[in-house]
Every structure is written in C-alpha cells, then in structure tokens.
2 protein chains.
Amino acid sequence: MNIDQLNTPCLILNEEKLSNNIERVRNRLNEKALIFRPHMKTAKCIEVGRRMMKSPQGPIAVSTLKEAEKFAEAGVLDILYAVGIAPSKLEAVSALRSRGIDLSIVIDSVSQAEAVAARARLDRDPIPVLIEIDADGSRGGVRFDASEKVLTIARELHAGGAELRGVLTYSGATYECRDVDEIRAVAERERQAAVHSARLLRNAGFPCPIVSVGSTPTASFSENFADITEVRAGVFAFSDLVMAGLGVCSVEDIALSVLASVIGHSHDGHRILVDAGWMAVSRDLGTASQRVDQGYGVICDLDGEIIPDLIMSAASQEHGILSLRSGSRVSLPNLPIGSMVRILPNHACATAAQHQRYHVVSTGSHVLSDVWERFSGW
Amino acid sequence: MNIDQLNTPCLILNEEKLSNNIERVRNRLNEKALIFRPHMKTAKCIEVGRRMMKSPQGPIAVSTLKEAEKFAEAGVLDILYAVGIAPSKLEAVSALRSRGIDLSIVIDSVSQAEAVAARARLDRDPIPVLIEIDADGSRGGVRFDASEKVLTIARELHAGGAELRGVLTYSGATYECRDVDEIRAVAERERQAAVHSARLLRNAGFPCPIVSVGSTPTASFSENFADITEVRAGVFAFSDLVMAGLGVCSVEDIALSVLASVIGHSHDGHRILVDAGWMAVSRDLGTASQRVDQGYGVICDLDGEIIPDLIMSAASQEHGILSLRSGSRVSLPNLPIGSMVRILPNHACATAAQHQRYHVVSTGSHVLSDVWERFSGW
C-alpha cells in the first residue's frame, strides 16, 4: 500500500529519520558513559519505544501510569514515573511493583514522603523514590537551596522503609532558550542543582545512587555531565519545529508529519484548505514565541520535501488553512483539490497525541512499510 | 462510586447542565419553527448525541466520517458531513449510503462537483450535496457574490445525477465577536449570504430545499431566521469559557470539567501543581484574545464551585500550574497534596478530544451516575 491511499488526516513516521535521531543522542551519551533513560511521553508506542531503549527491559521514563502499564506488559522492567506522585496513584504503583516491575516514583514534599512511607510499610516494599529538585523555578521540585526540606523528605522516606534512590531535575527553561550557548548555560545550572542536592544527601549519610537530569535540549547539547549518572529525553526521537527553532535539530530531521488532503481554495487562490485542522495537528503554537513563527506547521509535499514558505497559518477543528508566510516572494504551489501534503508539527508530543497510530515510511518512498499502534489516556 | 475515587486526570460531565444547555437552544429554535441539526463534533459520544437529537434517527451534522460511521451504527439515518469533501473520501461516503444512511456532503468547487457527479453516476446514487457559501471569508465556501461559480457547481451536480439539496454557511466570525450585538450582526450577514444564494439557485431553476446556517453563537442569539430552514450547533451542549466570554452562556452553565489531583506547591506556596497538564485540558488558549484571559482554565472545587481568581496559568504535558490572576486580592485556597479540583475548559471540543470517556454526575453530588464512552480519530 502507498501512503497516498491512506485515509487523511493521519500520522506519517519516517523510520530512517527516527533511527538517526535516536542514534545521534544515544551515541553522544554513550561517549560520556551516562545511562540513557529515554522518555516515552511522546512515543506512547511499543515499536518506537523499543528503538529508543537500550534493551527490551529498559530503562525508560514515563509521564503516565498508563505508559508504565503498557510498557510493563511489553516486557520493560525498569520504569521511572517522572511526574510527582498523587497519593491516590500509590495503589496502581503498588500493583505494578507487585508484578516485578522496578517502578520508581518522584516526590518533592514531606506530605508525599509520608504517603509513600505509609504505603511502603503497608506493602513491606521499599518503593524507590527520587526527590525532584527545582533548578529554575519552571515547574515542580524542592528548591535546590532548601536543604532542610530535602533532608526532611529523605529522613521521612528512610524511616518509613522506602528507598531513597536519588535526585532528579527537569530543565523546562531550556525550551525558552534562543541558542545553543543559552541551552548549555541553563543545563549547567540544572546539573549544579542536581549535584549539589546529591552531595547534601550523601553528606548527611543518605544514599543517592542516581543523579538524573533531562530534556531533549540538555541531552543534545550539554557539555558537562560531571557527577550526573543518567539523562532523560523523549521528543528527540521525533524532533519537531520547536526543537529546530532551538537549534537542536534541522527541520529535515523531523521524523513525524501529518498527511492531509487538499479540500479547497479560497481568498482568490491565496489560501489552500486541507482536511487536517487543529484536531489533527493539535492547538500547540510553540514556535509563536521563537524567531520564526511556523503557525500550525510547515508544509511538505507527499515526498516530505518542504514547500518553500508554505505554512498552516490558521486552523479550525477539521480545516487547516495553508498560506505563504507574510513577505514571501515565491508563488503559491499548484495543489489541486485531492492532492496531498505533509505537515511538520510544532510539537511532536502534542501532535502525536491526537492520533491512534503511526504509518511508517522511509525517506523518498511512498510505500507504507508498517503501522504501529499508539496508546493514550491515563 | 464517588468521583473522588476516580483516577485523575479525567473528564466530569454534569448531566443536568448538559440537559439545560440542550433544552435552551432546542426550545429557542423550536419556537422559530426551524429544523435543528445538532453537530456531534464536540460530543463524539452516542449517549450525549441522543440527548442532543430530536429523535434517535437524527438529524445530525458531523465533522468526520468516523462520527458518521459511529452514529450510523447507533441508528442515526440523517447525517450531514459538514466539512468540504476530499474526493478520496467518496468511497466511504458511498459505503455509508449503500447501508441506507441519508448521508449528505458539502462542496465549494467545480472540481469537487465533478468528482461527486462521477461517483453518483458510478453508484447510480443521487448523492445529496449542499454548496458551502462563504459569508465572511473565515474558512471555506464559494464567495456569496460569485454567482456564476455557484451556478456552474449546481449545473455540474445536476447533470451528473447528484442531488443539489441546498446551501450551507458557517459563520466562524461569530467567535471573534465581543458582544451579543456583534454576534447578531455577523449572523445576519451569514443569513443574507445563505438566502441570497438559495434565491440565485431557485431563480435559475435548481431545487434548494435546505438553507442551513450554524454555530453556537448564531443558534443562541440570532433574531432573524427568515428563509432559513435549519440551524447547526455543537458546543452549546457543553459550553465552555470561550462561549462564556462571548456572552453565550454563563461560566456556571459549563457542563464539562477536568478532574485533577494536587501533586505539589511551588514558588513559596504561590503556585499549586496538579496532575492535569495540556494533555488533559488541551493546548487551546481561546480566551487569550477575549476580555478575560482564563489561561488554561478556571479552577473549581470538587463540588464544581468556582474558586475565586484561581486559574491554570501554565501547563506542561502532565503538569498544570494553578495560580491567582494577577492583581487578585484574595488569598490562595488551602489545597493540600491529594486534594482534588475541577478545571473548566476554554474550548470543550479540544478538551473533550483528549479523553476517552465522560464521567457523569449531577450538580452538588459526588456520586458517579454513569460512564459514557467517546470515540476519536477519522
């Protein structure tokens, strides 16, 4: 089957680009002797996950317990649930651990430490826990300079029979950077916060075997991983326009696109309508704050070749409106009704989440080589 | 089961508010002797759809052929696929029609008319077609003043043995309005464009039994429906913050919310973290351009009562950050880790699409009265 026979809109995944993106980051971290814990939040697919993992047993990070359950069913044994735990989710954590999964969790408060300790006592199970450290104020975590709070959490976990496995930072601020130098500076602050907290714990007599940092920009550019043991990243495998805008990859590296059919022309031929609206590409406008605003995405032809200056400038639920960037001097391509285009996404995590499967192709080929199912929900 | 035992994040649907929202619009259109064709693009759920429909057989409008197939399986016979047809989808249209479904489609070009006519001849089936008329330049449709094009499309359909069933307008511009007077003015222009085109067709000897207009703001406020035969609307059943910002409903009418658990506090207690990020509420920031920017949503307690000035001000994939509106004089509520909140969405269509089911409750009750499955995809 050729991709031009697919029902539109749907996701196209270029397996070669996917593999190249994975190799690039994996080799980089291997050279630095770091454990690589790929994050499954973008993929949500066993076949993609297996290509990202070092071995079929993991390790991986996940953003939902649904991901943990699906990858556990597929044989993954080492799973980090990298979102601060809600106490009500400890029962599901317990169920997965009782099946032999080394599922570790993340906390950043004494209240969570108490809940985890209570569960560890109830289950007689040393639930492994990473303390999240806040390096840049972007999201959660104990402030890196709140030493007493870090130690109180550690004492509570330890006394309750949970396993203090280490510290974790996430540097959301790398997404706001404007160039590679800024990314490196932010990543270095993240590293220092993580290492500082690990030292604090060790000096107080607590174990801290894992010092985990992460984000695709960090994994791609950070030069200094001294005293870091593992790195997490997820979107790097697919890449997207936000990552390209940060300089993490080129637009040509983007492995994911949305296939769409032309359904109309308006504004005296200055606009092309396609059957992929925000339901198919998501509402993510992540490049709007970057140097180049890509609207809802960059348009390629059916071969995946970029059509100069053509972007999805507006979207309603099932309609995408394509037009030339303002100021463009090229002319609108001839795309008659029924012709197909591929839309490169701003944010692969958000776009992939709108779909139930990946349609797999190779560069320059229209032959559908495979279909990989995704999962969603919590 | 009580809703505080649900796994978060998940969708909560208040059945009373849903019913009231439906009754309000239905009664309004009944009084005006209009056919009401509820749109299933937001609901994507048989149980919600049945409450919106006049009878179990319809009529309905849909935004995808997946919706058409699901509602056809559930016994709906009169379905309008209200997005301009891609020629590649005519085979699926044909398959549904051969099962006895009165599925009608929409076109706005001679090229589509030729494709539909060819299919009608092949199937010996007078596929019913509405010509989309563009009243405001917001999306697709033949410009209302492009008389020759409208007539050429009509001739092509007629000659090919398709059924010209009427004209359709969609007034996306009502979403940009700032008050009810503006909505009425935009809706009146939409009405005039539709009626003008219907008259054009009839004067040229073509049938035009259906003159269809739509959008929730139009259905809710338009005063003049002279010469209009049917009205389409979808989001009215749920309502959302964008609709409330337009004055179409009050915030208290919103039937849909996302249940979330508190998982942390940061910035010296000025921020509350919940386990619902943009994956659970969508990336839609539709109120950002309105008078009151509601961020990613308005926060209610577990009973559905609004917490003064608390909004979701930022989101990452699985983290929502709650904070007070800037300038607020109230203090942050006490929401310890593990407590639950409900988030009212900017855009019900986008938020519902992130979930697989509705958890049904009544006002003031925590008892889960039902679970209704949704579908998604194309």
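Structure: above.
Cut-off values and rules
Residues numbered from 1 in each chain as written. Chains lettered and ligands numbered in written order. Predicted model: local features only at pLDDT ≥ 70, side-chain atom pairs only at ≥ 80, totals over all residues. Heavy atoms only, no water. Helix = DSSP H or I, 4+ residues; strand = E, 2+ residues; numbered from the N terminus. Rg over C-alpha atoms; globule rule 2.2 N^0.38 Å. Buried < 20%, exposed > 50% of the residue type's maximum accessible area, 1.4 Å probe, protein only. Areas by Shrake-Rupley, 256 points an atom, 1.4 Å probe, with all protein chains shown as cover. 1 Å grid on protein atoms, 1.4 Å probe; cavity = no way out; pocket = protein on both sides within 12 Å on 5 of 7 lines; lining within 4 Å. Points joined across faces, edges and corners; volume = space filled by probe spheres on them. Nonpolar A, V, L, I, M, F, W, Y, C, P; charged D, E, K, R; others polar. Least-squares fit on C-alpha atoms with pLDDT ≥ 70 in both. Contact = heavy atoms within 4.5 Å. Salt bridge = Lys/Arg side-chain N within 4 Å of Asp/Glu carboxyl O. Buried area = accessible area lost by both parts, 1.4 Å probe. Polar contact = N/O pair within 3.5 Å; in protein donor to acceptor, adjacent residues only side chain to side chain. Axes fitted to C-alpha atoms, helices over the stretch in contact; angles between N-to-C directions. Parallel < 35°, antiparallel > 145°, perpendicular 65-115°, else oblique. Left-handed = near helix turned anticlockwise from the far one by under 90°. Expected span 1.5 Å × (residues − 1). Pairing = 2+ DSSP bridges. Right-handed = clockwise from strand over helix to strand, strands pointing away.

K.L.:
What exactly am I supposed to notice about the overall build of chain A here?
P.N.:
When helices and strands are tallied, chain A shows eleven helices and 18 strands. For chain A, the C-alpha radius of gyration of 22 Å lies close to 21 Å, the compact-globule estimate for 378 residues. For chain A, the C-alpha atoms occupy an extent of roughly 70 × 40 × 35 Å along the three principal directions. Split into buried and exposed, the 378 residues of chain A put 61% on the buried side. Of the roughly 13500 Å² of accessible surface on chain A, a fraction of 48% belongs to carbon and sulfur atoms.

K.L.:
Can you walk me through the layout of surface pockets in this structure?
P.N.:
To locate leftover empty space, one rolls a probe as large as a water molecule over the atoms. Quantified by volume, the second largest pocket comes out at close to 370 Å³. Gln356(A), Ser376(A), Ala353(B), Gln356(B) and Ser376(B) are, among the 22 residues lining the second largest pocket, the residues nearest its centre. Class assignment for the residues of the lining of the second largest pocket results in eight nonpolar, ten polar and four charged.

K.L.:
So what exactly am I meant to see when it comes to the relation of the copies chain B and chain A here?
P.N.:
It takes a turn of 180 degrees to lay chain B on chain A, together with a shift of 0.0 Å along the axis; the resulting RMSD is 0.0 Å. The relationship between the two copies is best expressed as a two-fold rotation axis. Across chain B, the rotation axis passes nearest the C-alpha of Arg283(B), at a separation of 2.5 Å. A share of 100% of the interface residues of chain B reappears at the interface of chain A, consistent with the copies meeting face to face through the same patch.

K.L.:
Got a minute to help me understand the pattern of salt bridges in this structure?
P.N.:
Side chains that differ in sign of charge can pair as their charged atoms come close. All names here are of chain B. Per the stated rule, a full pass over the model turns up 44 salt bridges over all chains. A salt bridge links Asp102 to Arg165, with the shortest nitrogen-to-oxygen separation between them at 3.1 Å. Residue Asp102 is located in strand β5 (residues 102–107), and its partner Arg165 is located in strand β8 (residues 163–169); the two are separated by 63 residues in the primary sequence. Classification of Asp102 by relative accessible area gives partly exposed; the value is 26%.

K.L.:
Please clarify how unusual backbone geometry should be interpreted in this entry.
P.N.:
The phi torsion of most residues other than glycine is negative, and most of the peptide bonds are trans. Pro9(A) follows Thr8(A) through a cis peptide bond whose omega is -5 degrees. Here Pro9(A) shows up in the segment before β1 (10–14). Look at the link from Gly58(B) to Pro59(B): it is a cis peptide, with omega at 0 degrees. One can find Pro59(B) in the loop between α2 (46–52) and β3 (60–62). Even without being a glycine, Arg124(B) presents a positive backbone phi close to 50 degrees.

K.L.:
Would you take a moment to explain the interface of chain B and chain A for this structure?
P.N.:
With 53 residues of chain B at the contact, the number on the chain A side is 53 residues. Here chain B and chain A share an interface that buries about 4200 Å² over both sides, 54% of which is from carbon and sulfur atoms. Taken as a group, Arg139(B), Ile337(B) and Trp378(B) account for 18% of the area that chain B buries against chain A, more than any other trio of residues on that side. Joining chain B to chain A, the criterion identifies four salt bridges. Among the salt bridges present, the one from Lys89(A) reaches Asp275(B), with a minimum N-O distance of 2.4 Å. Between chain B and chain A we count 22 residue pairs in polar contact (both at pLDDT 80 or more) in total. Residue composition of the side of chain B that touches chain A, grouped by class: 16 nonpolar, 26 polar and eleven charged.

K.L.:
Sorry, what's going on with the environment of Tyr170(A) here?
P.N.:
Residues and elements named next belong to chain A. Relative to the assigned elements, Tyr170 resides in the loop between β8 (163–169) and α7 (180–203). Residue Tyr170 is classed as partly exposed on the basis of its relative accessible area of 21%. Considered as a pair, Tyr170 and Phe236 are 66 residues apart in the sequence and their alpha carbons are 15 Å apart. Not counting residues within four places of it along the chain, the set of residues in contact with Tyr170 comprises Asp136, Ser138, Arg139, Tyr175, Glu190, Gly214, Ser215 and Arg232.

K.L.:
Where do I start with empty space enclosed by the protein in this structure?
P.N.:
Scanning all chains against the criterion turns up eight cavities of 30 Å³ or more. Of the pockets and cavities examined, the largest cavity occupies roughly 70 Å³. In this structure, the second largest cavity encloses a volume near 50 Å³. What lines the second largest cavity is simply Ile263(A), Gly264(A), Leu273(A), His319(A), Gly84(B), Ile107(B), Asp108(B), Glu132(B), Gly140(B) and Gly141(B). Looking at the lining of the second largest cavity residue by residue, the class counts come to three nonpolar, five polar and two charged.

K.L.:
Can you walk me through the packing of helix α3 (residues 65–73) of chain A against helix α4 (residues 90–98) of chain A in this structure?
P.N.:
Two quantities define a packed helix pair, namely the angle between the axes and the distance from one axis to the other. All names here are of chain A. One way to put it is that α3 packs onto α4 with a least axis distance of 11 Å and a crossing angle of 10 degrees. If you check the angle between α3 and α4, you find them roughly parallel. For the pair α3 and α4, the crossing hand works out as left-handed. The segment α3 lies against α4, with Leu65, Ala68, Glu69 and Ala72 engaging Ala92, Val93 and Leu96. Its residues assigned to classes, the contact of α3 with α4 shows six nonpolar, no polar and one charged.

K.L.:
Can you help me understand helix α6 (residues 147–160) of chain A in this one?
P.N.:
At 3.6 residues per turn, the α-helix brings residues three or four places apart onto the same side. Residue and element names in this part refer to chain A. In a regular helix each residue adds 1.5 Å, so 14 residues correspond to 20 Å; α6 covers 20 Å between its end C-alpha atoms and thus fits that length. Residues of α6 that are buried: Val150, Leu151, Ile153, Ala154, Leu157 and Gly160. The secondary structure elements touched by the buried residues of α6 are β5 (102–107), α5 (110–123), β6 (128–134), β7 (142–143), β8 and α7. Downstream of α6 by one or two residues, Gly161 has phi in the positive range, about 90 degrees.

K.L.:
When you look at the pairing of strand β9 (residues 210–214) of chain B in this model, what are you seeing that I'm missing?
P.N.:
Successive residues of a regular strand alternate their side chains across the two faces of the sheet. Residue and element names in this part refer to chain B. The buried fraction of β9 amounts to five of the five residues, a majority that puts the element mostly inside the structure. Side-chain alternation along β9 places Ile210, Ser212 and Gly214 on one buried face and Val211 and Val213 on a second face that is also buried. Of the strand pairs in this sheet, β8 and β9 are connected by three bridges, and their pairing is parallel. Across the sheet, the residue bridging to Val167 is Val211, located in β9. Where β9 lies against strand β10 (residues 230–233), three bridges are found, and the strand directions are parallel. In the strand pairing of β10, Val213 is matched with Val231. Following the backbone out of β9, through helix α8 (residues 216–221) and into the adjacent parallel β10, one traces a crossover that is right-handed.

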